[in-house]
Amino acid sequence: MSRARLLTFGAVVAATVVLAVLGYVSLRQWQASAELLFREQSRDMVIMAAEKVEMAMLKAEEECLSSLQALLMEPTLRPEALEEWRRKNPIFASVTLVDHQGRVLYPPGTSPPALVREIPEGLWDRGGRRHLLVGDEVVLAAVIPGSDGPVLAVLGRSVEGVKRDVLAKTLGGLEGPSVLVVLDAQGDLLYVPRPIDQATRVLTVAFGEALPTWRVALYQPQGLSARGDVRRQAMLFTAAFALLLVVIALGLVATYRLLRHETEMARLKSDFVANVSHDLKTPLSLIRMFGETLELGRVPDEATRREYYSVITRESERLTRLIDNVLDFSRIEGGGQRYDIGAHPVEPLIHEVLDAFRYPLAQRGFKLDVAVAPDLPEALMDPEAIKQALANLVDNALKYSTERRRLGLSARREGTWVVIEVADEGIGIPAGELGRIFEKFYRIGRSETQDTRGSGVGLALVKHIAEAHGGRASVESRPGQGSRFSLYLPIVPSPLGGEG
Ligand code: ADP
């Protein structure tokens, strides 16, 4: 193949490789940044949810405390009023009220909780509230002004109350495939608004000061998570891209093969023209030489003269054969070849072909074996076409035989076929070439290196003729031992429907 073509091919291959690498890299980058984006978006969403819960919690506590303050402002503290308050504020499981002197105002008759000592003086003076951690539990300590001076309220939380009054109200209504879940201090599921069996935890975020030990977690269904979407899309892109590359590669291979075939064809055609011209020249110059000699009257005796005439006849026959070959071939190529097929005996045909080659066979000392099976049925054929095919095979046997010169011609029946064989003991054909010799213009080795001239269309013609008859042509050959070409022709079906 030419340098320019190779360069073009190289450029296309290089461009494809660059495309593949760029595509892969940008796909990976896109995937990474899309995943990052999704992660950030999810994180923002969870942080917002956590803030909402935190604010709801603070607001709920605020409301509880202000209603408690209203109770404490009354001149006397009524335990029933406090019981009532507790029923109305279920987010607290326990309430202890202590005055500045350390006396427990409620529940009556209990000792003050230990954390009273931890309340700084400042809080007693200024009032206010603080979340304190007792073990894993969050306790709200608030100093509230009362009718008899500041009162410290120590409020223990009810997990159930918080779940129902705060978490369910803030997180319960969320729609969409993602689920926001609250985890306790141990990381166990504490509040789950919807079933999450099929979902995986994507990320967790801590709450603020009001819920210091709990965390909110985002769960996403396995197949449905945004990250899964990205992965699926990336996979789809990769597959499409790979397909594209495969198509490009296949296209390249196909183009390469086509180009190679075209180049080979162009070479074979130019060989063909050179070979045919050469083949035409040899008989023409013989005819001319003998014709001129005869014309000049330089031939002494009658016998020699007759021989000269027969050379002229023979060579013109050879010319005719050659021209017929080329013309038939071009007709076949143009699709215009017609055969006149009918039932004909095979044996006379074989003798006619041998007659045409009698002189070259005798001159080159060929031993001839002809074997036609007795009772050979007639074959369905166009006799002229079959003669031409056989002439080509015999001509090849002559051309490609060196020391051992034997030509075998036989005809026999094989099932529904008449098989005509042309065998020689010539140079033979390498196994690797057997599949190609029936191709048009194909000759073994380049014509410059091959001594024997030929057009390369002989066997293509034989094959075409055989197939046009509904039969086939085949070859068996061993290099150095000889070749055997077989022509299969259908026999005439018997009128009884048997095999003939
Ligand atoms: P050509 O005009 O070259 O003989 P053919 O189509 O008849 O063209 O044959 C194709 C090629 O097959 C030949 O070039 C030759 O190399 C090989 N070939 C054909 N017949 C024989 C044979 N009997 N023995 C050895 N080689 C053969």
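Structure: see above.
Structural notes, computed from the coordinates. (Residues numbered from 1 in each chain as written. Predicted model: local features only at pLDDT ≥ 70, side-chain atom pairs only at ≥ 80, totals over all residues. Heavy atoms only, no water.)

### Observations concerning helix 10 (residues 458–468)
Listed in full, the buried residues belonging to helix 10 are Gly458, Leu459, Ala460, Leu461, Val462, Ile465 and Ala466. Note on helix 10: the residue one or two positions beyond its end, glycine 470, has a positive phi of about 80 degrees. (Buried < 20%, exposed > 50% of the residue type's maximum accessible area, 1.4 Å probe, protein only. Helix = DSSP H or I, 4+ residues; strand = E, 2+ residues; numbered from the N terminus.)

### Focus on the pairing of strand 13 (residues 406–414)
Here six bridges tie strand 11 (residues 367–372) to strand 13, and the two strands are oriented parallel to one another. If you follow leucine 368 over to strand 13, its bridge partner there is leucine 407. Here strand 13 hands over to strand 14 (residues 417–424) after two residues, with glycine 415 in that stretch at a positive phi of 60 degrees. (Pairing = 2+ DSSP bridges.)

### With respect to the site of the ligand
The environment of the ligand is formed by 20 residues, the closest being Asn396, Tyr400, Asp424, Arg443 and Leu459. In the environment of the ligand, an oxygen atom lies 3.0 Å from a nitrogen or oxygen atom belonging to the side chain of lysine 399. Here an oxygen atom of the ligand sits 2.9 Å away from a polar atom, N or O, in the main chain of serine 455. Isolated, the ligand exposes 520 Å² of accessible area, and the fraction of that covered by the protein chains is 98%. For the shell around the ligand, the secondary structure elements donating two or more residues are helix 9 (383–399), helix 10 and strand 16 (482–490). In terms of residue class, the shell around the ligand is made up of nine nonpolar, eight polar and three charged. (Near = heavy atom within 4 Å. Polar contact = N/O pair within 3.5 Å; in protein donor to acceptor, adjacent residues only side chain to side chain. Areas by Shrake-Rupley, 256 points an atom, 1.4 Å probe, with all protein chains shown as cover. Nonpolar A, V, L, I, M, F, W, Y, C, P; charged D, E, K, R; others polar.)

### Here we look at the nonpolar core
Among the nonpolar cores identified, the biggest contains 48 residues, and Ile386, Leu390, Leu407, Ile420 and Leu487 are the most heavily contacted of them. When residues in this core are grouped by element, the largest group, nine residues, is from helix 9. Setting aside residues no more than four positions away along its own chain, leucine 487 makes contact with Ile386, Ala389, Leu390, Val418, Val419, Ile420, Val462, Ala466, Arg472 and Ala473. Formed by 41 residues, the second largest nonpolar core is a distinct cluster that contains Ile91, Ala142, Leu167 and Val205. (Core = buried A, V, L, I, M, F, W, Y, C linked by side-chain atoms within 4.5 Å. Contact = heavy atoms within 4.5 Å.)

### Focus on the side chain of aspartate 184
Take aspartate 184: it is sitting in the loop between strand 6 (179–183) and strand 7 (189–191). Despite its burial, aspartate 184 remains without a salt bridge, the nearest opposite charge being carried by arginine 215 at 6.8 Å. Within polar-contact distance, the side chain of aspartate 184 engages the backbone nitrogen of aspartate 188 at 2.9 Å. Once you skip the residues sitting within four places of it in the chain, aspartate 184 turns out to touch Leu190, Thr213, Trp214 and Arg215. (Lys, Arg positive; Asp, Glu negative; His and termini not counted. Salt bridge = Lys/Arg side-chain N within 4 Å of Asp/Glu carboxyl O.)

### A look at the layout of surface pockets
Computed from the structure, the second largest pocket encloses a volume of approximately 410 Å³. Lining the second largest pocket are 18 residues, with Arg321, Asp324, Glu384, Lys387 and Gln388 sitting closest to its centre. Counting residues per element, the ones that place at least two in the lining of the second largest pocket are helix 6 (302–334), helix 7 (347–356) and helix 9. Per-class residue counts for the lining of the second largest pocket are six nonpolar, three polar and nine charged. (1 Å grid on protein atoms, 1.4 Å probe; cavity = no way out; pocket = protein on both sides within 12 Å on 5 of 7 lines; lining within 4 Å. Points joined across faces, edges and corners; volume = space filled by probe spheres on them.)

### Remarks on the packing of helix 6 against helix 10
For the pair helix 6 and helix 10, the least separation of the axes is 10 Å and the interaxial angle reads 55 degrees. Looking at the two axes, helix 6 sits oblique to helix 10. Helix 10 is crossed by helix 6, and the crossing has left-handed handedness. Where helix 6 abuts helix 10, its residues Asn325, Asp328, Phe329 and Ile332 lie against Gly458, Ala460, Leu461 and His464. Considering only residue class, the contact of helix 6 with helix 10 consists of four nonpolar, three polar and one charged. (Axes fitted to C-alpha atoms, helices over the stretch in contact; angles between N-to-C directions. Parallel < 35°, antiparallel > 145°, perpendicular 65-115°, else oblique. Left-handed = near helix turned anticlockwise from the far one by under 90°.)

### With respect to helix 6
With 33 residues, helix 6 extends 47 Å between its outermost C-alpha atoms, agreeing within 8% with the 48 Å of an ideal straight helix rising 1.5 Å per residue. Between the side-chain oxygen of the N-cap and the backbone nitrogen of alanine 303 there are 3.4 Å, and the N-cap of helix 6 in question is aspartate 301. One or two steps after helix 6, the chain reaches glycine 335, where phi turns positive at roughly 80 degrees. (Expected span 1.5 Å × (residues − 1).)

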